[in-house]
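# Report on the structure
The chain contents come next:
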Amino acid sequence: MDRLEAYKSIAAQASRGELSFPTNVDATLKLQRALNDPDCHADVAARLVQAEPLLAARTVAIANSVAYNRSGNEVTNVRTAVQRVGFRTLNALGAAVIVRQLDSKITQPALRAKANQLWQHSAHVAALSQVIARRVANLDPETAMFAGIVHEVGGFYMLSRADEFPGLFEGEPDDWIEHGEQIIGRCVLQRLGVPAPVMAAIEALWVGMRALPPETLGDTLLLANDLAPVPSPLYERAAATSRQAAATIDFVIGDGTLNSILEESAAEVSSLTSALM
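Residues numbered from 1 in each chain as written. Predicted model: local features only at pLDDT ≥ 70, side-chain atom pairs only at ≥ 80, totals over all residues. Heavy atoms only, no water.

If you look the protein up in an unreviewed UniProt entry, it shows as HDOD domain-containing protein from Massilia genomosp. 1.

Laid out in structure tokens, this is it:
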């Protein structure tokens, strides 16, 4: 089976709802649904988070990041961390765990390197999205961070299937964009229960059009994607801003500029990125 046939085969399976996830993803999805229950008490949430070591570690790390620990008081337990970050951030962290679980069965060194770089890229985009949404676009920062975490989930899914289809990531990147990204990416996002506004923002990223200053969640995600210091290893979108050109992006926001805001927020972005990774 050649590369195009492989893309079309995986896309057809995804369209029928036949998505091949590691078993631990289903367990984390159940945990995430429980955390999203409006009747879920903080104590119950803490117990659920403690049952998933990776999520517990990420929750404490995020709670101690500069963005969430403005008082400087370090959190040392999950219950306090849950209270500090809130359920909406927990939802984003649950998504981060799921994304990482998707590549858990990758064994080939070259594919593992791609998966690691893709997660570094996603973590940078998530952290930048959070800051840009809060300080530039006046949008909900938790939703923006969540969008950044999951915006490449289709790519992680494809990497998790690459062992079954040798040569899947060889050749022209347009093959993935044309035949895989939208169909496969949309199906995976739907399977993970990603809300419609976040889906729309990620679809805006696929199209590649944005406004500056950012006005929507899609604009915010696009800007964060362009500014991320680690690019996606899967492909370079033709309309994407180059890393060099991204460094020149600036515009006035209130009494400051984008670059001055990013400089002021550098510690927050760095801390959030590290906590996610």
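## What about the nonpolar core?
Stated formally: For this analysis, a nonpolar core means a set of buried residues of the types Ala, Val, Leu, Ile, Met, Phe, Trp, Tyr and Cys, connected via side-chain atoms within 4.5 Å. Burial classes follow relative accessibility: with a 1.4 Å probe on protein chains only, a residue under 20% of its type's maximum area counts as buried, one over 50% as exposed, and anything between as partly exposed. The contact definition used throughout considers only heavy atoms, calling two residues in contact when any of these lie within 4.5 Å.
I149 and V150 are the most contacted members of the largest nonpolar core, which has 94 residues in total. Sequence-distant contacts of V150, that is, excluding residues within four places in its chain, are made with A95, L189, V194, V198 and I202.

## Here we look at unusual backbone geometry
For clarity, the cut-off: A run of H or I in DSSP becomes a helix once it reaches four residues, and a run of E becomes a strand once it reaches two; helices and strands are each numbered from the N terminus.
Note the cis peptide between L212 and P213, where omega equals -5 degrees. Backbone geometry at N138 places phi at a positive 55 degrees, although glycine is not the residue there. Turning to its location among the elements, N138 is positioned in the loop between α6 (109–137) and α7 (141–150). Taking the relative accessible area as the measure of exposure, N138 reaches 66% and is therefore exposed.

## As for the packing of helix α5 (residues 78–102) against α6
Where we set the bar: Lines are fitted to the C-alpha atoms to define the axes, a helix being fitted only along its stretch in contact, and any angle between axes, read from their N-to-C directions, falls within 0 to 180 degrees. Any angle from 65 to 115 degrees is called roughly perpendicular, while one under 35 is roughly parallel, one over 145 is roughly antiparallel, and all others are oblique. Two helices that cross are described as forming a left-handed crossing if the nearer one is turned anticlockwise from the farther one by less than a right angle, and a right-handed crossing if clockwise. Ten residues, namely Ala, Val, Leu, Ile, Met, Phe, Trp, Tyr, Cys and Pro, are considered nonpolar, four, namely Asp, Glu, Lys and Arg, are considered charged, and the remaining ones, Gly among them, are considered polar.
The geometry of α5 relative to α6 is characterised by a closest axis approach of 10 Å and an angle of 165 degrees between their N-to-C directions. Viewed along their axes, α5 and α6 adopt a mutual orientation that is roughly antiparallel. Of the two elements, α5 crosses α6, and the hand of that crossing is right-handed. On α6, the residues touching A96, V99 and R100 of α5 are A115, N116 and W119. In terms of residue class, the contact of α5 with α6 is made up of 4 nonpolar, 1 polar and 1 charged.

## Some words on the environment of L54
Take L54: it is sitting in helix α4 (residues 53–63). Classification of L54 by relative accessible area gives partly exposed; the value is 34%. Along the primary structure L54 and V97 are separated by 43 residues, whereas in three dimensions their C-alpha atoms are 6.9 Å apart.

## So, the environment of L212
Note on placement: L212 falls in the loop between α10 (196–207) and α11 (217–227). For L212, a relative accessible area of 40% gives the class partly exposed. Sequence-wise, L212 and H121 are 91 residues apart; in three dimensions their C-alpha atoms are separated by 22 Å. The residues contacting L212, other than those within four sequence positions of it, are L223, I249 and F251.

## Overview of the side chain of T59
Within the secondary structure layout, T59 lies in helix α4. Take T59: its relative accessible area is 0%, and that puts it in the buried class. Aside from chain neighbours lying at most four places away, what touches T59 is V49, A81, V82, V85, L90 and L93.

## Considering the packing of aromatic side chains
In this description, a pair of aromatic rings is defined by centroid distance and the angle of the planes. Keep this limit in mind: The aromatic pairing rule takes the rings of Phe, Tyr and Trp, using the six-membered ring of Trp, and pairs them if the centres are within 6.5 Å, calling planes under 30 degrees apart stacked, those over 60 edge-to-face and the rest tilted.
Overall, the coordinates contain 1 aromatic pair when judged by the stated rule. Summarising the aromatic geometry, the rings of W119 and F156 are spaced 6.3 Å apart at their centres and angled 65 degrees between planes, so their arrangement reads as edge-to-face. A residue pair is termed long-range when its members are at least 10 positions apart, and W119 in helix α6 and F156 in helix α8 (residues 153–161) qualify at 37 residues. Each member of the pair W119 and F156 is classed as buried.

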